[in-house]
Amino acid sequence: MTISRQAFLRLSGFSFVVAVARKAIGAGARARWGMAVDAAKCLKRENCTKCIAACHQEHNVPSIPDRAHEVRWLWKEPFDHALAGQVDEYSALRAVPAMLLCNHCENPPCVRVCPTQATWKREDGIVAMDWHRCIGCRYCMAACPYGSRSFNFMDPRPYIHNANAQFPTRTKGVVEKCTFCSERLAVGRPPACVEACPEKALTFGNLNDPQSPLRQLLQARQHMRRRPELGTGPDVFYIA
Amino acid sequence: MRDRGAIYCGLAVFLALATFPAWHNLEAGVTAKGPAIKLPVRAKQCVAPAEYMRTAHMNLLMGWRETVVRTGTRGFTSVDGKPYNMSLTPTCLQQCHGSKADFCDKCHTYAAVSPPCWNCHVDTPPALRSAL
Amino acid sequence: MFMFEKAVAGSRRYWLWIGALVLVLAIGFACYLRQLADGLMITGLSRDVTWGLYIAQFTFFVGVAASAVMVVLPYYLHNFKAFAKITILGEFLAIAAVVMCMLFIFVDMGQPTRVLNVLLYPTPHSMMFWDMISLGGYLTLNACIALVTLRAEREGAAPPRWIKPVILLSIPWAVSIHTVTAFLYSGLPGRPLWLTAILAPRFLASAFASGPALLILLCLLLGRLTGFSPGREAIQKLAIIVTYATVISVFFVLMEFFTAFYSQIPEHTESLRYMFFGLDGHARLAPWMWTSLLLAAASLVLLLAPRYRHNEKLLAVACGMVFFSLWIDKGIGLIVAAFVPSPLGAVSEYTPTLPELLIVVAIWAVGSLILTVLYKIALSVREGQMFSAAPPAGVKVLL
C-alpha cells in the first residue's frame, strides 16, 4: 500500500491530536482520591484510635510491640511533628494530634525510586503496592519524606490477632503502607478509617469533582499539607 | 590390589547412596497411590475446564494476580459465562474448594511443591471450613 | 583461560590465609541463613533507620572499585610508564570491590529471591536500576580488560587491538558507577543530609583517596610477602593522588559544614549536628565521626610534608589513616546519619548487631578471597616472565 508523504503526515498529526485529546478528556473523567483530616473533630475524643484499629484490623497489619520494628499504616502524631515548620511555638495546634498516613502524593518520590515498579501511581491517584513484586530494598522508605512506609522485619503472622481472611497478610521482607482501601473503593465502600471515625473527622473523596464533599470542605476551611515545599503534592489535607 | 579394602568400602557407600530413593521410600511406607483431593461439594463447575486447571492453574492464578493487582479490576467471566470475583481466599477457597489443606495441599504435598502464596494469602478460617 | 591453576599452587602461609578466609565466610554465611529464615529483624535496622551497615559498606566499596581509574587513566591515556606493573592490581581490586558491593546489596534485600525483578521490570526512572546496570557493566569491563592484558603479558605479546576501546570505555564508566551511586542518595527530597549537589563530587574525591590508599597498602604488603615491587615512582605517584584527593575530600566536607551552619536552616544542620554532637542526648555516632575527622587531619600532616610522604613506613600509616577515616565517613556515618532525625523528628539510633557484623565481615572475606586469588594469578604470571622493570614489549598506549 502506498501513501503520499502529505497524507502520512496528516494522518499522524490527526492521530496524535486525538490521542492527546482522549488522554485529556480521560483525565477529567478520572477520579483523584484525596482525604481531609479535621483535627478539631478528632480532638473531641481524646486518645481515640478507632480509625487506626479499623484499618489495621481490616488489613491484617501486625501489632509488633518493639517500636523499632513497628508496622503502621495509620498513626497519630502531634501537629508540631507532623506539620513541622507550619505550626509555630505560640500556636494552639502544637499538641493537637494529626492522623498520619500515606499522602498518595501527586508526584511521589517513592514511585520514582522503586526499581521494580512494585509501587506505582494508579490513574485514580492511589499510590499502590504490589507485594508480589517488592524486593524489600527499602529505597521507597528512604525516599518518602513523611515516614509513611513500614518494613516487615520479620514474619508478621505471629503478631496478627484475628486475621481477616478477606485480605491477605504480607510476608517478611516487603514494605507496606496505606492503600486508601482500594479494594473497598472497588466495591463502592469508603475507606475503613473514614467509616470507623465516630466524629466523622475524616472526609474522603474525589479531588477532581468540584461538587464532592471533600472539595467543598477544602473550599470552606483553611487547611495545610505536610511539607508542601518538597513538590510532592500530597493529597491528604489537614484542617486546623 | 593393596586398595581392595578402600575400593569395596567405596563401592558399598556408592551403592547405598544410589539406591537411597528405593530403600528410603520402602522404609517410609510410601505407596504409588496418588493424592486424594477432596472435591468441592456445592460447586460442580470450575472457573475453567478441569483438564486445563489440572495442568495450568498457576497460569490462571498468575493472570488473575496481574489483573487484580496491576489494573485493579476483579471481574472474571468463565468459559461458561459465570461471573467470578478474582480472589484467592474468598473465591477459590471459600466459594468452592474449602481450605488449602483439603484441596491445594493434597496434590502439592504429593508433588513436593510449595508455592509461596500462603505466606501472605490467608487460609479459610476453621469455622467456615466444614460448610463446604 | 582464567589461569586459575596459578592460584592453587601456593605456600603453606597462602593456604592458611585462604583457610582463615573460608572460615570467616562460613560463619557469616550461617548468619545470613538465619537472616533468610527470620528476616532483617536480626540486624540493628529499624523503621526509622532503614539502611545501615550493609548499604553503607556498599557505598564505600563502590568508591574503592571506581578508584581503579586512577591507575588506568595515567597509564593507558597518558603513557605514564611507572604504573605499568600496577594497573592489573588496580583492575583486580576493582573486581573484588564490585563483587563485594553486589553482595552487600544482596544481603540487604528483604526478598532476595526476587532480585531479578530489577531486570525483569526495568525502571529507567529508578537510580537503583541504573546502579545495577553500571556495576554489572563495570565488573564485566574490568574482568575482560584484566584477563586479556594479563594473558597477553604471560605470552609476552601485545594485547589485542580491540581491548583499547574497552579500556577507554572503562575510564568514564568508573566515574559513572560512583556518580550513579551518589544519585541514589542525592535526589531524595526527604533526606536533607544527602540532598546536596556536592554529594557525587564528594563521593568521587573520597573514592580517589581511599582506593589508591588501599592500593598502596596492598602493594607494600605484596612487597613484604613476595618479591613483587611496583617501583618507588609508582608508589610515590599514587601517594600524590591520595594526597590531593584527601585534601579535596576534606575541603568538600568543610563546604557542607559552612552551608549548613551559616544558613542555620534546621533541616540542613540537624543531621550534621547528630553526627558530631548528638541530638536529644543521642550521640552514638559522634565518637566515630570525630575519629574520622582527626584521622583525616593527621593523615594530611603526613601526606602534605614530602619528608614524611617519601618515607614508606609513614606513608603506610598515612594511607591506613585515610582509608579508615573515609571508611567511617562513607561506610557508616553518611548513610546512617541521613535517617536521623526521622521525617517526624524522632531520633532513632542504629547499632549493628553481631550477626549483621559477621555477615559484613564475611563479605569482606569474600572480597579478600577474590583479591588473593587474582593477585596470586597476576604475580605468578609476572614471576614466570623475565624480570624486567619495563612494560612488556608491544603494549601500546592509546594516545
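Residues numbered from 1 in each chain as written. Chains lettered and ligands numbered in written order. Predicted model: local features only at pLDDT ≥ 70, side-chain atom pairs only at ≥ 80, totals over all residues.

**Looking at the overall build of chain C**
Selection criterion: In DSSP terms, a helix is any run of H or I states spanning at least four residues, a strand is any run of E spanning at least two, and both are numbered starting from the N terminus. As a reference, a globule follows 2.2 Å times the number of residues to the power 0.38, and the radius of gyration itself is taken over C-alpha atoms. Partly exposed residues are those whose C-beta has more than 12 but fewer than 20 other C-beta atoms within 10 Å; with 20 or more the residue is buried, with 12 or fewer it is exposed, and the C-beta atoms are placed from the backbone. We call two residues in contact whenever the C-beta atoms placed from their backbones are within 7 Å.
Broken down by element type, chain C carries 14 helices and zero strands. Radius of gyration (C-alpha) of chain C: 21 Å, near the 21 Å computed for a compact globule of 399 residues. With the C-alpha coordinates aligned to their principal axes, the bounding extent of chain C is approximately 65 × 50 × 40 Å. For chain C, the residues scored as buried account for 46% of the 399 residues in total. Sequence separation of 24 or more characterises 79% of the internal contacts of chain C that already satisfy a separation of 6 or more.

**A short note on the overall build of chain A**
A count of helices and strands for chain A gives nine helices and ten strands. Looking at the 240 residues of chain A, the share that counts as buried comes to 47%. For chain A, restricting intrachain contacts to residue pairs at least 6 apart in sequence, the fraction spanning at least 24 positions comes to 62%.

**Structural notes on the interface of chain A and chain C**
Here is the rule we go by: Put simply, Ala, Val, Leu, Ile, Met, Phe, Trp, Tyr, Cys and Pro go in the nonpolar bin, Asp, Glu, Lys and Arg in the charged bin, and everything else, Gly too, in the polar bin.
Chain A puts 39 residues into the contact, and the matching count from chain C is 30 residues. Counting residues per element, the side of chain A that touches chain C draws most heavily on helix 6 (residues 139-143) of chain A, which supplies four residues. Along the lines of polarity and charge, the residues of the side of chain A that touches chain C split into 22 nonpolar, ten polar and seven charged.

**Quick word on the sheet that holds strand 10 (residues 236-239) of chain A**
Each strand in a sheet pairs with its neighbour through backbone hydrogen bonds, running either in the same direction (parallel) or in the opposite one (antiparallel). Residue and element names in this part refer to chain A. This is how the line gets drawn: Whether two strands pair depends on DSSP finding at least two bridges between them. The convention used is that axes are lines fitted to C-alpha atoms, helices contributing only their stretch in contact, and that angles between N-to-C directions extend from 0 to 180 degrees.
The strand order 8-1-10-9 describes an open sheet built from four strands, whose pairing is mixed. Here the strands that pair on one side only, and so sit at the sheet edges, are strand 8 (202-206) and strand 9 (223-224). Relative to strand 8, strand 1 (residues 33-38) runs antiparallel, the two being bridged by five bridges. What sits directly across from Trp 33, in strand 8, is Asn 206. This element, helix 9 (residues 213-220), spans strand 1, strand 8, strand 9 and strand 10 of the sheet and lies at about 115° to strand 8.

**Examining the environment of Ala94(C)**
All names here are of chain C. Summarising the element assignment, Ala 94 is placed in helix 4 (residues 87-108). The class of Ala 94 is buried, set by 29 C-beta atoms lying within 10 Å. Separated by 26 residues in sequence, Ala 94 and Ala 68 place their C-alpha atoms 6.0 Å apart. Discounting chain neighbours no more than four positions away, the residues touching Ala 94 are Ala 65, Ala 68 and Asn 142.

**Overview of the arrangement of the chains**
Most contacts, compared over the two pairs of chains touching, are made between chains A and C. Between chain B and chain C there is no contact, and the shortest C-alpha to C-alpha separation is 12 Å.

**A closer look at the interface of chain A and chain B**
The interface is formed by 13 residues belonging to chain A together with 13 residues belonging to chain B. Class assignment of the residues belonging to the side of chain A that touches chain B gives a composition of five nonpolar, five polar and three charged.

**With respect to the confidence of the model for chain C**
Residue and element names in this part refer to chain C. Operational definition: Confidence of the prediction at every residue is given by pLDDT, a number between 0 and 100.
This prediction gives chain C a mean pLDDT of 93; 96% of its residues lie at or above 70. In the predicted structure, residues 386-399 sits below a pLDDT of 50 and forms 18 contacts with residues beyond four places in sequence or in another chain. Scored as a complex, the prediction yields pTM 0.91 and ipTM 0.91.

**Quick word on the confidence of the model for chain A**
Averaged over all residues, the pLDDT of chain A equals 93, while 98% of them reach at least 70. Ranking the helices and strands of chain A by mean pLDDT puts strand 6 (residues 150-151) of chain A first, with 98, and helix 1 (residues 5-29) of chain A last, with 80.

**Here's the deal with helix 3 (residues 50-71) of chain B**
All names here are of chain B. Formally: For a helix, the expected span equals 1.5 Å multiplied by the residue count minus one. Note that the bend at a residue is defined as the angle between axes fitted to the seven residues ending at it and the seven residues starting at it.
Its 22 residues give helix 3 an end-to-end C-alpha distance of only 27 Å, which falls more than 12% under 32 Å, the value for a rise of 1.5 Å per residue. Along helix 3, the largest kink reaches about 85° and is centred on Ala 56. A positive backbone phi angle near 80° is found at Gly 72, which sits one or two residues after helix 3.

**Describing the packing of helix 6 (residues 127-154) of chain C against helix 7 (residues 163-186) of chain C**
Residue and element names in this part refer to chain C. Put simply, the test is: Every angle not falling under 35 degrees, over 145, or within 65 to 115 is termed oblique; those three ranges are roughly parallel, roughly antiparallel and roughly perpendicular. In this scheme, a crossing is called left-handed if the near helix is turned counterclockwise away from the far one by less than a right angle; it is called right-handed if the turn is clockwise.
Direction vectors running N to C along helix 6 and helix 7 enclose 150°, while the axes themselves pass 9 Å from each other. If you check the angle between helix 6 and helix 7, you find them roughly antiparallel. Pair helix 6 / helix 7 crosses with left-handed handedness.

**So, unusual backbone geometry**
Cis peptide bonds are those with omega within 30 degrees of zero, and the linkage from Val340(C) to Pro341(C) qualifies with -5°. Tracing the backbone shows Pro341(C) in the loop between helix 13 (312-337) and helix 14 (354-383). Backbone geometry at Asn47(A) places phi at a positive 60°, although glycine is not the residue there. Checked against the element boundaries, Asn47(A) lands in the loop between helix 2 (39-43) and helix 3 (50-58). Classification of Asn47(A) as exposed rests on a count of 6 C-beta atoms within 10 Å. Look at Phe180(A): it is not a glycine, yet its phi comes out positive at around 55°. Take Phe180(A): it is sitting in the loop between strand 7 (175-176) and helix 7 (182-185). On the basis of neighbour counts, which here come to 26 C-beta atoms within 10 Å, the residue Phe180(A) falls in the buried class.

**A closer look at the nonpolar core**
Using the following cut-off: Each nonpolar core reported here comprises buried Ala, Val, Leu, Ile, Met, Phe, Trp, Tyr and Cys residues connected via C-beta atoms within 7 Å.
Ranked by internal contacts, the top residues of the largest apolar core, which has 189 residues, are Val37(A), Ala65(C), Phe92(C), Leu93(C), Cys101(C) and Val242(C). In terms of residue count, the dominant contributor to this core is helix 4 of chain C (16 residues).

**Some points on the environment of Gly231(A)**
Assignment of secondary structure puts Gly231(A) in the loop between strand 9 and strand 10. Along the backbone, Gly231(A) and Ala98(A) are 133 residues apart, and their C-alpha atoms lie at a distance of 21 Å.

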